[in-house]
Amino acid sequence: MSRSNSLSVLAGLVSGWLIIVGSPTGMAAGQPPAESGPMLAQARPNPPPPDIEASIAGLHQRLQITPAQEAPFNAVASVIRGNARAAATTPHEPPANASAVDELRAEIQYDEVELAGLKRLLPALEALYASLSPVQRQAADAAFRQGPGG
C-alpha cells in the first residue's frame, strides 16, 4: 500500500476522533482523488469544523463508558479537543500563487501537525483501550474505522 493510501486509510479510521481533517494527498477520507492537476496543486478540502463535543459524546455513548472508565476516556477526549485546536490553527491550503516548494512546505507543516496529534493520542487511547471489555473493544474498533458519522 502506498504512503498516500495508507495515510488516507488512517485518516478515514480516525477522522472525527483524532481530528484529522483530510489526508496528505488533499482528498477527504473516502473520496476519490481530484482529476485535475498534480497532487501538490490540489487544495486540501476545507470542510466545516466538526462538532467535537458531539463526536466525543457519541463516542462515549457508543463505547458505553462505565464510571470506572471515565478517567481514561476523559484523557482521550482532552487530546481530541487539543488536536482540534491545533488543526484549526494550521493552514489547510498553501498561499495563493505558491511555488511548488512553498506548497511542499505547507504540506509538510500540515503532516507534522497530524503526526503530532496521532502521537499525543496514542498513549491516551492505549490506556482507554486497555480498560475496555471485549465488547467495548469491538465497538471502539468499529467506531474508529467508521469515523464520527459511521
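About the thresholds
- Residues numbered from 1 in each chain as written.
- Predicted model: local features only at pLDDT ≥ 70, side-chain atom pairs only at ≥ 80, totals over all residues.
- Heavy atoms only, no water.
- Helix = DSSP H or I, 4+ residues; strand = E, 2+ residues; numbered from the N terminus.
- Buried < 20%, exposed > 50% of the residue type's maximum accessible area, 1.4 Å probe, protein only.
- Contact = heavy atoms within 4.5 Å.
- Areas by Shrake-Rupley, 256 points an atom, 1.4 Å probe, with all protein chains shown as cover.
- Expected span 1.5 Å × (residues − 1).
- pLDDT = per-residue confidence, 0-100.
- Salt bridge = Lys/Arg side-chain N within 4 Å of Asp/Glu carboxyl O.
- Core = buried A, V, L, I, M, F, W, Y, C linked by side-chain atoms within 4.5 Å.
- Axes fitted to C-alpha atoms, helices over the stretch in contact; angles between N-to-C directions.
- Parallel < 35°, antiparallel > 145°, perpendicular 65-115°, else oblique.
- Left-handed = near helix turned anticlockwise from the far one by under 90°.
- Nonpolar A, V, L, I, M, F, W, Y, C, P; charged D, E, K, R; others polar.

Next up on the list: the overall build of the protein. In terms of helices and strands, the protein carries five helices and zero strands. What you see in the protein, going N to C, is helices and strands ordered as α-α-α-α-α. The buried share of the protein, taken over its 150 residues, is 37%. Relative to all contacts within the protein whose residues are 6 or more apart in sequence, the contacts with residues 24 or more apart total 70%. Here the protein has roughly 8500 Å² of accessible surface; of this, 60% comes from carbon and sulfur atoms.

Between its first and last C-alpha atoms helix α2 (residues 52–63) spans 16 Å; for 12 residues at 1.5 Å apiece the expected length is 16 Å, and the two agree. Within two residues after α2, Q64 carries a phi angle of roughly 50°, on the positive side.

Another point: the confidence of the model for the protein. Across the protein, the average pLDDT comes to 74, with 64% of residues at or above 70. Counting contacts from residues 1–48, a segment whose pLDDT is below 50, to residues more than four positions away or on other chains yields 89 contacts.

Our focus in this paragraph is the pattern of salt bridges. A full pass over the atoms with the stated rule returns two salt bridges. For R81, the salt bridge identified is with E53, shortest N-O distance 2.6 Å. In this pair, R81 sits in helix α3 (residues 70–88) while E53 sits in helix α2, placing the two residues 28 residues apart along the sequence. Between R105 and D102 there is a salt bridge; the shortest N-O distance is 3.4 Å.

Here we come to the environment of T66. Among the secondary structure elements, T66 is positioned in the loop between α2 and α3. On a C-alpha basis, the gap between T66 and S131 in space is 9.8 Å, while along the polypeptide they are 65 residues apart.

Turning our attention to the nonpolar core. Judged by nonpolar contacts, the single largest core of 19 residues is most densely connected at L63, F73 and L128. Broken down by secondary-structure element, the contributors of at least two residues to this core are α2, α3, α4 (100–131) and α5 (134–146). Tallying contributions element by element places α3 first for this core, with six residues. Once residues within four sequence positions are removed from consideration, L128 is found in contact with L63, I65, Q69, P72, F73 and V76.

Bringing the packing of α2 against α3 into the picture now. The geometry of α2 relative to α3 is characterised by a closest axis approach of 11 Å and an angle of 155° between their N-to-C directions. By the criterion of interaxial angle, the relationship of α2 to α3 is roughly antiparallel. Here α2 and α3 pass one another in a crossing that is right-handed. On the side of α2, the interface is formed by I52, E53, I56, L59 and H60, while α3 contributes E70, F73, A77, I80, R81 and A84. Classifying every residue of the contact of α2 with α3 gives seven nonpolar, one polar and three charged.

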